[in-house]
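Observations on chain architecture
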Amino acid sequence: MDFKTLLKTREFVLLDGAMGTMIQKSGAKYDHSPETLNITEPKLIQSFHKAYIEAGADVVYSNTFGANSYKLENSGYTVEEIVGAGVQNAKTAAQGTGALVALDIGPVGMLLEPAGSLSFDEAYEYFKEQVIAGKDADLIVFETMTDLYELKAAVLAAKENSDLPVIATMTFEKNGRTFTGVSPASAAVTLEGLGVEAVGVNCSLGPDELEPIVAEMTRCTDLPLIVKANAGLPDPNSNEYSIMPDKFASCLENLLPYGVKIMGGCCGTTPDYIAQIKSMLVGKSFISCPRTADTTVCSPSTAVEINGPRIIGERINPTGKKQFQKALADHNIDYILTQALQQVSGGAEILDVNVGHPEIDEKAMMTAAVKAIQSVCDAPLQIDSTKPDVLAQGLRCYNGKPIVNSVNGEEKSLSSVLPLVKKYGASVVGLTLDENGIPKTAEGRFEIAERIVSRAEALGIDRRDVYIDCLTLTVSAEQDACRQTLEALHRVKTELGCKTCLGVSNISFGLPNRELVNSTFLTMALEEGLDLPIMNPNVASMTGAVRAFRVLRGIDKNSAEFISAYNDAAPAPKTDSKAEVDIFSAVCSGLKNEGAAATKEMLKTTDPMTIVNEMLIPALDKVGDDFEKSKIFLPQLIQSANTAQECFEVIKAHLSKSGGENVSKGKIILATVKGDIHDIGKNIVKVLLDNYGYTVVDLGRDVDPQLIVDTAVKQDIKMIGLSALMTTTLKSMEETIQLVRATKELQNPDGSSKCVVFVGGAVLTKDYAMKIGADYYCRDAKESVDTAKKVLG
Amino acid sequence: MISLEKLNRSEALRYLGGAKTAPDEKMLALLDDCEEQIISRARPKYLYRELELPNDELVSGKDIARHLEGCTKAVIMCATLGTDIDKLIRVTQISDLARAVVLDSFASVAIEQVCDRAEQEISRLYPGYHMTFRFSPGYGDYPIQMQKYYINELDAQRKIGLSTNESYILVPAKSVTAVIGLSPEPIEPKKRGCAVCNMRATCQYRSRGEHCGF
């Protein structure tokens, strides 16, 4: 019987107990890792599997938990050998018993980006190798996972390189989160989307502590649950576990009402535990537990259930925004991150991400943007592009369950976008337009919505995950358009039972007081059943309308969210505060708003370059000097630099208005080298360079040498700053410099280098910097500025 | 899980450039705020394990050998504040770098305090033994590559979510691995400080005529 049939026909599926505990108890000695016993002691490993099968296990896990090429390094064996032998041992033990063999795969052993530096694609390759090596198993299990991103790489590696069914379990702490902060809801939602057969928990806690975690999971999924808990906690002295087999089984019994179907034991459990579970289950039936949560999208830590209006922030989109377009062209990811954080603090719960711009590689930028935003922001994302290959890229590298924006009624769109939505387990926005454009009538739009839903369902996408957008048209051009949109929305909501979304602000185009029209339209749409307004959350009246609606509709229980949003709202900062201090002292004291105000004031009477040269630069020199002489602390230096930055922005805005000269003194690339993830020092250098008037192209941390060189070539940049904190990453600093020197486009006709490289970092010395071919060694941020002055003027 | 109540502020100020003036009011408010945030977001955890000496896997290089001279046992340990602190610092860097720098310093202080806590616990377990100070991979000639050995020996990834990347940098960043030697005989106070430190050439404290406390 195969695993899927087993799952369908049996009331419960019994897994085995711990392998590690059996090995430890046997006293078996191994050289490198317990997985090598598959080859050195096959009979012993087979005897453990047999003991579990005799105790009643329907499925045994192969002894291959850590058998990946990272962990097996220096073991003398390949993944193929260890995994092959491990699966074979389990199969030998299972022969003639009807028990199935699961290829057991644990975490790689290195943390993935953004916390660590293992890339998603690298993790995928590790798992792929294991999946292929274990092809003879009956199913694949990923267990003891703490990072949802790693687990996604694992599941994709399984799905793309094997036809075996997949189950997955994660490990949670007492606070209900994994080590990396994954919530049980996010795990359940994401994994169901990726098409696993069952989800659940293993290791870490005893079965007596799992109820809240199991309850949260089952609320958000229709899948059967897996529980493979530890036998309580180990005693630090005796290493004995605290929960005995009978107690273990009775704890599991308490979890059955949550839809638990697959059970076994993790650390500390033995065949006795499995036998006890088996006898506990006699005469019992599986308690099916369909989801009670509405459609949900998520990041690893935050699951957003669409059970009332939720704001999708629209600001990460370059359309019509010059500054944004420039940021994209300059690879200025910080600009995008600032937009993301501002929208979340404004009240957005989901963020739309669109980076389409003719001058850039949209696929690469989508990857960079999604990863960067997810590294700082917990809101789920909506991947927005007109190009299916960009959507595919965004979906692949996204951590959690996103929304795809969008599919429409055109055949080309339906057949290219919906399969991606299915494969990656996303939700999707369905636009009610097709080859013939946007139907004028509500009826026409409703028909397209129906078509999209039926095509989605044919692919196995649930209609709850299709969010229909009935399209907002400009009311000043056609006054009836508003009514048609709202009517279509109402019908989609009530007759199709789909969630709805709508870009709101188009409605007021061409009218005065657009904000008033927008917020009124928003309120009307909410009343007709709008779930997902796509809007600017930083417009207080719009976000306010949604929040108030949630109170008045009884969605926001006890008005709790409303009160917390407005109760202690600080009075709006005075935008045009009158200058009370001069620029010099504002910069020295790190007073941002005052500095900006003083600059505005002074620009009325003074030439911009005079302000820069006679006020800003001297003030910066003074604080730099004060810092060197230990008169101020580092954060004060940074606050001063930020204030100066604020003043520069005012001056830049003034100059671009009056069409004056560009104040940039030249472009400089900054990067923390490949393998290094410490970037705070580099960021301090950036702030200082910024405010001495240099344009910094910040490539971030853990940066590939090739990206640095490509950027220098493409943007014709003459100065590169590299940072490394560890002795181990100085090597990649050297490699980066070598690549810069070896690149023809960065050489003068006489073969000399066009690029000046300056380096810094805690473990660097001047001698070493010279030895690896740098032009300058900079001890601190101040010296970087001095060097830039020397090189670029 | 253990909790931290108070963080050593003068230590944090030293990481922040050690200005010789008292912090002004604005700076004090920032310090208060950041200290509280680190305390509330940290999820400190540690692990340790006894090893019998001599141990060829543990001892690599002459500095660690000298450090453990006369010891019959060693306790290897690791500690972390968890991934959330890294994220907090990362996010804050975007909106307020000055604040991020203060958070970073307090986090460095906090992880040392967690190690102190672990060390106290260890010392209670070995009455009658004398303990060396904590010695970590990267000190002197003790290779940073030893991080991986500590992580594996303590099963730290599985138990407290601590691992290294391919450059042997600990992830989460605010983490420590270290070894403490145990000797039945009194230990001659080892020469700590600049002489055995591999940062001596570039150390900013040393350049200011100060000392980092190692």
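Within every chain, residues take consecutive numbers counted from 1 along the sequence as written. Chains and ligands are labelled by the order in which they are written, letters from A for the one and numbers from 1 for the other. The predicted nature of this model means local features are confined to residues of pLDDT at least 70 and side-chain atom pairs, given and counted, to a pLDDT of 80 or more, with totals for whole chains, interfaces and linings taken over all residues.

Quick notes on the overall build of chain B
Put simply, DSSP marks the helices as runs of H or I at least four residues long and the strands as runs of E at least two long, and each gets a number from the N terminus on. Helix and strand counts for chain B stand at eight helices and six strands. Helices (α) and strands (β) of chain B occur, in sequence order from the N terminus, as α-α-β-α-β-α-α-β-α-α-β-β-β-α. Within chain B, the proportion of its 214 residues that are buried is 46%. Partitioning the contacts of chain B with sequence separation of at least 6, the portion at a separation of at least 24 is 75%. Any residue whose C-beta has 12 or fewer other C-beta atoms within 10 Å is treated as exposed, any with 20 or more as buried, and any in between as partly exposed, C-beta atoms being built from the backbone. What counts as a contact here is a pair of residues whose C-beta atoms, placed from the backbone, lie within 7 Å.

A look at the domain arrangement of chain A
Residues and elements named next belong to chain A. Each domain's extent is set by a domain assignment, obtained either automatically or from a database. Domains assigned within chain A are domain 1 (3-281), domain 2 (296-566), domain 3 (570-663) and domain 4 (664-793). One C-alpha centre belongs to domain 3, the other to domain 4; they are set 27 Å apart. Across the contact, 11 residues belong to domain 3 and nine residues belong to domain 4. For the side of domain 3 that touches domain 4, the elements supplying multiple residues, two or more each, are α24 (608-628) and α25 (634-657). With six residues, α25 is the single largest residue contributor to the side of domain 3 that touches domain 4. In the scheme used here, Gly and all other residues not listed as nonpolar or charged are polar, with Ala, Val, Leu, Ile, Met, Phe, Trp, Tyr, Cys and Pro taken as nonpolar and Asp, Glu, Lys and Arg as charged. Residues belonging to the side of domain 3 that touches domain 4 are distributed by class as follows: six nonpolar, four polar and one charged.

A few points about the environment of Met280 of chain A
All names here are of chain A. For Met280, the location among the structural elements is in helix α11 (residues 271-281). Taking the number of C-beta atoms within 10 Å as the measure of exposure, Met280 has 20 and is therefore buried. The sequence separation of Met280 and Ala249 amounts to 31 residues, and the corresponding C-alpha distance is 6.4 Å. In this structure Met280 touches Ala249, Ser250, Leu252 and Glu253, once residues within four positions along its chain are discounted.

Some words on the interface of chain A and chain B
How large an interface is tends to be reported as the accessible area lost when its parts come together. Taken residue by residue, the interface counts 46 residues in chain A and 41 residues in chain B. Of all the elements in the fold, those that place two or more residues in the side of chain A that touches chain B are α13 (333-346), α14 (362-376), α25 and α26 (680-691) of chain A. Considering every element that reaches the side of chain A that touches chain B, the biggest residue donor is α25 of chain A, with six residues. Counted by class, the side of chain A that touches chain B contains 23 nonpolar, 20 polar and three charged residues.

Things to note about the confidence of the model for chain B
All names here are of chain B. For chain B, mean pLDDT is 88; residues scoring 70 or higher make up 87% of the total. By definition, pLDDT measures how confident the predictor is in each residue, and it falls between 0 and 100. Per-element confidence in chain B is highest for strand β2 (residues 73-80), whose mean pLDDT is 96, and lowest for helix α8 (residues 204-207), whose mean pLDDT is 67. Here the complex is predicted with pTM 0.88, and the ipTM for its interfaces comes to 0.85.

Some thoughts on unusual backbone geometry
Between Asn405 of chain A and the following residue, Ser406 of chain A, the backbone shows a cis peptide bond with an omega angle of 10°. Inspection of the secondary structure assignment puts Ser406 of chain A in strand β14 (residues 403-408). In this model, Leu53 of chain B is joined to Pro54 of chain B through a cis peptide bond whose omega is 0°. In this fold, Pro54 of chain B is placed in the loop between β1 (45-52) and α3 (62-67).

Some words on the packing of helix α7 (residues 148-161) of chain A against helix α8 (residues 184-193) of chain A
Residues and elements named next belong to chain A. For helices, the axis comes from a line fit to the C-alpha atoms of the stretch in contact; other axes are also lines fit to C-alpha atoms, and the angle between any two N-to-C directions lies between 0 and 180 degrees. In the contact formed by α7 and α8, the axes pass within 11 Å of each other and the chain directions differ by 20°. Compared by their axis directions, α7 and α8 come out roughly parallel. The two elements α7 and α8 meet at a crossing, and its hand is right-handed. Every residue of α8 that contacts α7 at Leu148, Lys152 and Val155 is listed here: Ser186, Ala187, Thr190 and Leu191. Classifying every residue of the contact of α7 with α8 gives four nonpolar, two polar and one charged. Our angle categories are set so that under 35 degrees counts as roughly parallel, over 145 as roughly antiparallel, 65 to 115 as roughly perpendicular, and the remainder as oblique. In this scheme the crossing of two helices becomes right-handed for a clockwise turn of the near helix relative to the far one and left-handed for an anticlockwise turn of less than a right angle.

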